[in-house]
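One letter stands for each residue in the lines below.
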Amino acid sequence: MVDALGVAVVGFGWMGRVHTRAYARVRHHYPLLPLRPELLTVAEEAPGRAEEAAEQYGFATATRDWRDVVADPRVGAVSITAPNFLHREIGVAMAEAGKHVWIEKPVGLTAGDARAVADAVAEAGVAGAVGFNYRNAPAVETARELIASGEIGAVTHARIRLFSDYAAHPESALTWRYERERGGSGVLGDLASHGADLARFLLGDIASLTADTAVFVPERARPTGPTAGHARATGGERGPVENEDYVSCLLRFASGARGVLEACRVSVGEQNDYGFAVHGTRGAVFWDFRRMNELGVSRGSRYQDQPVSTVHVGPGHGEFGAFQPGAGNAMGFDDLKVVEAYRFLRSVAEGVPYGATLADAVHSAAVLEAMTRSAERGTWVDLSHGD
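1. What to know about a nonpolar patch on the surface
Alright, step 1. A cluster of nonpolar residues, L250, V260 and W380, forms a patch on the protein surface that exposes about 240 Å² of accessible area.
Alright, step 2. Relative to the elements of secondary structure, V260 occurs in strand β12 (residues 258–264).
Alright, step 3. Given the relative accessible area of 34%, V260 is considered partly exposed.

2. Describing the side chain of T20
Alright, step 1. Relative to the elements of secondary structure, T20 occurs in helix α1 (residues 14–29).
Alright, step 2. Residue T20 is classed as buried on the basis of its relative accessible area, which comes to 1%.
Alright, step 3. A distance of 2.8 Å separates a polar atom in the side chain of T20 from the backbone oxygen of G16.
Alright, step 4. With residues near it in sequence (within four places) discarded, T20 still touches V9, F12, L39, Y57 and F59.

3. So, helix α8 (residues 187–203)
Three or four residues apart is the spacing at which side chains of an α-helix point the same way, because the helix has 3.6 residues per turn.
Alright, step 1. The first and last C-alpha atoms of α8 sit 22 Å apart over 17 residues, in line with the 24 Å expected at 1.5 Å per residue.
Alright, step 2. The sharpest bend along α8 comes to roughly 40°, located at S193.
Alright, step 3. For α8, a buried count of 16 out of 17 residues is recorded, marking the element as mostly surrounded by other parts of the structure.
Alright, step 4. Directly beyond the C-terminal end of α8, a positive phi value near 90° is found at G204.

4. Quick word on the pairing of β12
Taken residue by residue, a regular strand's side chains alternate between the two faces of the sheet.
Alright, step 1. Where strand β7 (residues 155–163) and β12 come together, seven bridges link them in parallel fashion. Within the sheet, the bridge partner assigned to L162 lies in β12 and is A263.
Alright, step 2. Here strand β11 (residues 246–253) pairs with β12 via seven bridges, running antiparallel. Across the sheet, residue R252 finds its bridge partner in β12, namely R258.
Alright, step 3. What sits between β11 and β12 in their antiparallel hairpin is a turn of four residues, with G256 showing a positive phi close to 105°.

5. Here we look at the packing of helix α4 (residues 87–96) against helix α5 (residues 111–124)
Alright, step 1. Relative to each other, α4 and α5 sit at 5°, their axes nearing to 8 Å. As judged from the angle between their axes, α4 and α5 are roughly parallel. Along its contact with α4, which presents H87, R88, G91, V92 and A95, the element α5 presents G112, D113, A116, V117, A120, V121 and A124.
Alright, step 2. Classifying every residue of the contact of α4 with α5 by side-chain character gives seven nonpolar, three polar and two charged.

6. Considering the sheet that holds β12
Alright, step 1. Spatially, nine strands are ordered β16-β15-β14-β13-β7-β12-β11-β8-β17 in an open sheet, and the strand pairing comes out mixed. Taken across any chain shown, the strands that pair with only one partner, and hence form the sheet edges, are β16 (309–312) and β17 (381–382).
Alright, step 2. In this fold helix α6 (residues 138–149) packs onto β7, β13 (273–280), β14 (284–288) and β15 (294–298), with an angle of close to 20° to the strand it touches most, β15.

7. Digging into the pattern of salt bridges
Alright, step 1. Counted according to the given criterion, the structure contains 29 salt bridges.
Alright, step 2. Among the salt bridges present, the one from R88 reaches D113, with a minimum N-O distance of 3.0 Å. Of this pair, R88 sits in helix α4 while D113 sits in helix α5, placing them 25 residues apart in sequence.
Alright, step 3. The partly exposed category is assigned to R88, whose relative accessible area is 39%.
Alright, step 4. By relative accessible area, D113 is classed as buried at 12%.
Alright, step 5. In this structure, K337 and E340 form a salt bridge, with 2.9 Å as the shortest nitrogen-oxygen distance. Here K337 pairs with E340, and both are found in helix α9 (residues 333–350), just three residues apart, close to one helical turn. Both residues of the pair, K337 and E340, count as buried.

8. Brief notes about the packing of aromatic side chains
Alright, step 1. Within this structure, the stated rule accounts for 15 aromatic pairs.
Alright, step 2. Judged by centre distance (3.7 Å) and plane angle (5°), the ring pair of Y30 and Y342 falls under stacked. Linking Y30 in the loop between α1 and β2 (35–43) with Y342 in helix α9, this pair joins segments that are 312 residues apart in sequence. For the pair formed by Y30 and Y342, the shared burial category is buried.
Alright, step 3. A centroid spacing of 5.1 Å and a plane angle of 80° characterise the contact between Y134 and F289, whose relative ring orientation is edge-to-face. On the criterion of sequence distance, the pair formed by Y134 in the loop between β6 (128–130) and α6 and F289 in the loop between β14 and β15 is long-range, its members being 155 residues apart.
Alright, step 4. Using a relative accessible area of 12% as the deciding quantity, one classes F289 as buried.
Alright, step 5. Through a chain of ring-to-ring contacts, the aromatic side chains of W14, Y134, Y274, F276, W287, F289 and F333 assemble into a single cluster.
Alright, step 6. Taking NZ or CZ as reference, R144 lies 4.2 Å from the ring centre of F201, over its face.
Alright, step 7. Its end group placed over the ring of Y354, R346 keeps NZ or CZ at 3.9 Å from the ring centre.

Basis of the calculations
- Residues numbered from 1 in each chain as written.
- Predicted model: local features only at pLDDT ≥ 70, side-chain atom pairs only at ≥ 80, totals over all residues.
- Heavy atoms only, no water.
- Patch = residues over 30% accessible without salt bridge, like charges linked within 9 Å, V, L, I, M, F, W, Y side chains within 5 Å.
- Areas by Shrake-Rupley, 256 points an atom, 1.4 Å probe, with all protein chains shown as cover.
- Salt bridge = Lys/Arg side-chain N within 4 Å of Asp/Glu carboxyl O.
- Helix = DSSP H or I, 4+ residues; strand = E, 2+ residues; numbered from the N terminus.
- Buried < 20%, exposed > 50% of the residue type's maximum accessible area, 1.4 Å probe, protein only.
- Polar contact = N/O pair within 3.5 Å; in protein donor to acceptor, adjacent residues only side chain to side chain.
- Contact = heavy atoms within 4.5 Å.
- Expected span 1.5 Å × (residues − 1).
- Bend = angle between axes of the 7 residues up to and from the residue.
- Pairing = 2+ DSSP bridges.
- Axes fitted to C-alpha atoms, helices over the stretch in contact; angles between N-to-C directions.
- Parallel < 35°, antiparallel > 145°, perpendicular 65-115°, else oblique.
- Nonpolar A, V, L, I, M, F, W, Y, C, P; charged D, E, K, R; others polar.
- Phe/Tyr/Trp six-rings, centres within 6.5 Å; stacked < 30°, edge-to-face > 60°.
- Lys NZ or Arg CZ within 6 Å of the ring centre and 35° of its normal.

Right, dumping it as structure tokens:
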């Protein structure tokens, strides 16, 4: 028997749409999932946007106030895809109301915000999932297995990059993303949060780090109306960009491995250039999000001049088999969110966490705060002692 689960989506920009499509598709790919998500409510404060979402996607109810979702007994699970500054208030309220929470990273503006949501979820005994979607790529999960198995030997060093041009245009609107009070730590929360999660997912805990940050586009025009995504604004009053465009960071892992993490939102010529290279004493693995279904693998006993093979992931890798019948058939970004929805709903059904959890969000947020402290002080920061 399949039980219905009423779901709501709070915040209906691009990511709200991605969550909604994931709910709609999840049982197509996972027909044995014992829950059937039903789209009950969409909440979005921008005038008319919730009603448009209800019309397009079939939500039963539309509202401009997320508190209506808290009070709705029909809603059992909530996707929180609102701006960062609302994450803590909404996440805690939903958990305290007994609703399962699937929330986008970075889960608030600070590590304290992430901990507050994590604590509320734990105290309420509800499921909690976080949108670290890149770890769901079958090639990434395969890389993790190769590293853990010792196929490439002991890890010596790694590079993780997240370069994008979404904020490169000087006419990009000065939205909440560029304000400390509402957006938090700029590219750290937006992109480096994924990098911190991937680093820990692949290589274990980060022991210490040192970081440098910069703002390269110091002013932008304020929008004159509601915006979505990374809209442009011309002619409006100009204001300062308060958070980081760029971060570079040296990492020391608890294992003794070394790493470099670099992220930038104003990289002209780069479109979602996300990936990693992990080197070990006997080999290496390489992944590029833009070739998401491929994994470069070097292993053997040659050391010098050892070749790299391209592995096209297939049904035996991660969740690939739920989407495609054979290697060489591509999965895409939205598929990673379907995997995330599946793991969230499975967590709800079984009472056991699957996929990225609020604890992972707290770890990532602690790394971001250490980066900020390091950049301010110009020193190494020891995460193991909470320096």
